[in-house]
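The residues making up each chain are set out below.
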Amino acid sequence: MAAAAGVAAVQARFVASRERFHAYLRASGEHRDDGEAEEEEEEEEAGSEQSEPPAKRGRLSEHGLGAESQEGVGEGENVPAERKRARGQNKSRPCMKPNHYEKSRLCPSVTQGCADKCYFGPRCRFLHDISEYMATKPADLGHSCVLFETFGKCIYGITCRFAKAHLGDGYQNIINTDLTKQWEGKSLVRNNLSKDLQHQLRKKKFSFKKADEYLRSLAKPHKNGGKGGKALGCSAEHLEASNCTMPQEGLGDTPECLVLPEEGGDPKQAALQSPIPIEGEGECPIKTAGLVTDEDIVKLRPCEKKKLEIQGKLYLAPLTTCGNLPFRRICKRFGADITCGEMAVCTNLLQGQSSEWALLKRHHTEDVFGVQLEGAFPDTMTKCAELLNQTIDVDFVDINVGCPIDLVYKKGGGCALMTRTNKFEQIVRGMNLVLDVPLTVKIRTGVQEKINVAHKIIPKLREWGASMVTLHGRSREQRYTRVADWDYIAECAKIASPMPLFGNGDILSFEDANQAMQMGVSGIMIARGALIKPWLFTEIKEQRHWDISSSERFDILKDFTNYGLEHWGSDTQGVEKTRKFLLEWLSFLCRYIPVGLLEHLPQKINERPPYYIGRDYLETLMASQNVDDWIKISELLLGPVPTNFTFLPKHKANSYR
């Protein structure tokens, strides 16, 4: 039986109807957990009464073969309003805050063993009585704590949801001294936001000397009588030349950053924090520590900047929400060569927002790592680049000129920069001027569906100083309704030479990757393909299809939850944050079809999986696009969800309840 257009071809013996699919999961679930059988059946019956959203309308080729032609979705054809609701993002999603699932929280001072020095003083709203807290604390989720087993100490102590593994008499936190000594002095996660730097940013006391000098040059009238604009090229080049021997100033207070010490100081010292100007006295003395190198004294010229050795590498795309640090660790393990943090908004970074700075964190296993910035104006983007250049450890900085969402586009950022050439040029030249690491840019083919402009912008980017360009083979208007235009990417790769150009779009197998590399690109960036199957990097490097078992896939989810508990914490708040990001990822993982079930290889990224019954219960459960089944998988890993728990995926896709 031939599959409908836009639907992946699964062997007939595995294909099932929607009713049979859910009946199988109900029956198998009851068999696996007799104690909760009756309750689960009621929940599944209630869920099955809700209508499944109609299929996402997708033009998979120039011939207009749409995903709506799938059999069994005729009901939705006459309800265009419902189809519209089933696409795009879920806005105004319910947000589960800590007080929703943990009414009585223990004071952090008690957890850290210094209850007599409460940070909040008499105004503290947290519990200080351990017995009272233990009486209301939810039951432990397991007998093994990943933090205690890995590092020899769990910093969450009593509040850990696996506390039985490391609590002694009188609720004392046990410490494995032999294990803790192995980790002494080792920094596992870099690019943290220090309190001192946050204070400087909030009080606007951080020094942006180079950025300010560049921005002043934009305001000066040029020979053509204009201000800034296209005439800024000479000014930028002049500033680059004048900075060749200029010592670094205004460094943020992170131990990874070194600058020239103050005159007359110990030549073996380097700054740990940025100078804060004191009114009427100029800049304050710079605290110094560590060795001074030639790099601290002599400013690198643009031609001497460190080059990215990335030819033929596999690049994990910066993925909003799902591209978090635990997920990147999974992809690194499977062979990703280059990783990049999630898109960070430059204005939020300049304000010292902790949540935005968390997107810049780098795990020690990420050997080639960059951060991606989003902004619309040269002042904020240039200042942010200088700030990051002085305070964090990265191998490159990427500008997001591909974000299609309205919130960013309407403010002039993301894709909108492709239509604002003057501002775009000012941003690229300014950031390149203040950065000591390569500057890269990620763009789309254009904004409008049938008007490609990337080929006009790429030569300009090379002239402005970009070290690399990544091109997503779709326009803003297309989103994911057409296949990526790799022929156009190939044209742009020729135009970009000798500047490296990476291609991005629709890669889900090693055949897709091989075909992409034949287009003349320097390398490939993988986004949705990594979310659907993170072992794709292994498949590409080993040139094979991996028929991965459900138990192996479940072990990957176990590793993700362990990495999540390590990153976000093993207390209730950390567990629920890990669960949230796990559920977001499961909304993509369910689109994977096991190799052994396919009628022919490979699976294409824009082909939707039909309902099918896998080779075992777990494989079938992982194929479900029902939100309640994703929650069930999370409960297998992180225990029962809190009372009144709700989850709605960021992307509507084909999920339903």
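Residues numbered from 1 in each chain as written. Predicted model: local features only at pLDDT ≥ 70, side-chain atom pairs only at ≥ 80, totals over all residues. Heavy atoms only, no water.

Trainee: Explain the packing of aromatic side chains to me, please; I cannot follow it from the model alone.
Mentor: Enumeration according to the criterion identifies twelve aromatic pairs in this entry. Seen from their ring centres, W568 and F581 are 4.7 Å apart, and the 15° between their planes marks the pair as stacked. Separated by 13 residues along the polypeptide, W568 in helix 24 (residues 550-568) and F581 in helix 25 (residues 572-589) bring together distant segments of the chain. Exposure class is identical for W568 and F581. Each is buried. Pairwise contacts between aromatic rings join Y315, F396 and F502 into one cluster. Above the face of the W183 ring, K186 is positioned so that its terminal group lies 5.6 Å from the ring centre. (Phe/Tyr/Trp six-rings, centres within 6.5 Å; stacked < 30°, edge-to-face > 60°. Helix = DSSP H or I, 4+ residues; strand = E, 2+ residues; numbered from the N terminus. Buried < 20%, exposed > 50% of the residue type's maximum accessible area, 1.4 Å probe, protein only. Lys NZ or Arg CZ within 6 Å of the ring centre and 35° of its normal.)

Trainee: When you look at the confidence of the model for the protein chain in this model, what are you seeing that I'm missing?
Mentor: Across the protein chain, pLDDT averages 81, with 75% of residues at or above 70. Within the protein chain, helix 13 (residues 325-333) carries the highest mean pLDDT (98), whereas strand 2 (residues 277-278) carries the lowest (36). Note that pLDDT drops below 50 for residues 241-288; the model gives that stretch 118 contacts with residues more than four away or on any other chain. (pLDDT = per-residue confidence, 0-100. Contact = heavy atoms within 4.5 Å.)

Trainee: Please clarify how the environment of G569 should be interpreted in this entry.
Mentor: Summarising the element assignment, G569 is placed in the loop between helix 24 and helix 25. Using a relative accessible area of 0% as the deciding quantity, one classes G569 as buried. Through-space distance from the C-alpha of G569 to that of L147 is 8.7 Å; in sequence the pair is 422 residues apart. Leaving out residues up to four positions away in the same chain, G569 has contacts with Y156, G564, G574 and V575.

Trainee: It is not clear to me how helix 27 (residues 627-638) should be interpreted in this structure. Could you clarify?
Mentor: Along an α-helix, residues three or four apart share an orientation, since each turn contains 3.6 residues. Taking 1.5 Å of rise per residue, the twelve residues of helix 27 would be expected to cover 16 Å, and the 16 Å separating its terminal C-alpha atoms lies within 8% of that figure. Among the twelve residues of helix 27, nine are classified as buried, and the element is accordingly described as predominantly covered. For helix 27, the side-chain oxygen to backbone nitrogen distance between the N-cap and D628 is 2.9 Å, and the N-cap itself is N626. Once helix 27 finishes, G639 follows within two positions and takes phi at roughly 80°, a positive value. (Expected span 1.5 Å × (residues − 1). Polar contact = N/O pair within 3.5 Å; in protein donor to acceptor, adjacent residues only side chain to side chain.)

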